[in-house]
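What the coordinates show
What follows is the residue order along each chain.
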Amino acid sequence: MNTIQTGNIYNLYQSASKGAAAAQLQAFEASEKIAAGNLEPRTMVQLNESTQIYKLNAKVTSVADQMTGTVLNLRA
């Protein structure tokens, strides 16, 4: 699982990007198993989990965008 690094806004974007990539890989692996006929509950949970991880990382990106806007407004 990806952890959010602290320090600056760029780290949030990096963490969200890595998390989204990990979610995409997990979804691909689960979908390959399902396509091969592996309909075990764990495989279905992995697919659902990857969706939730992707949504979480999209939210992190959204918050980082808001923070960037706030910082830019403060400096303007």
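One can find the structure itself at the top, above this paragraph.
Fair warning: this is a prediction, and the values are worked out from it, not measured in the lab. (Residues numbered from 1 in each chain as written. Predicted model: local features only at pLDDT ≥ 70, side-chain atom pairs only at ≥ 80, totals over all residues. Heavy atoms only, no water.)

A separate point is helix 2 (residues 41–75). Spanning 35 residues, helix 2 covers 51 Å between terminal C-alpha atoms, matching the ideal 51 Å at 1.5 Å per step. Burial in helix 2 covers these residues: T43, Q46, S50, I53, N57, V60 and A64. Buried residues along helix 2 sit against helix 1 (9–35). (Helix = DSSP H or I, 4+ residues; strand = E, 2+ residues; numbered from the N terminus. Expected span 1.5 Å × (residues − 1). Buried < 20%, exposed > 50% of the residue type's maximum accessible area, 1.4 Å probe, protein only. Contact = heavy atoms within 4.5 Å.)

Topologically, S17 is positioned in helix 1. For the pair S17 and A58, spaced 41 residues apart in sequence, the C-alpha to C-alpha distance is 8.8 Å.

One broad trend across soluble globular proteins is that nonpolar side chains are buried collectively. Ranked by size, the top nonpolar core spans 5 residues in total: I9, L12, A16, V60 and A64. Counting only elements with at least two residues in this core, the list comes to helix 1 and helix 2. Per element, the largest residue contribution to this core is 3 residues, and it comes from helix 1. Once you skip the residues sitting within four places of it in the chain, I9 turns out to touch A64, M67, T68 and V71. (Core = buried A, V, L, I, M, F, W, Y, C linked by side-chain atoms within 4.5 Å.)

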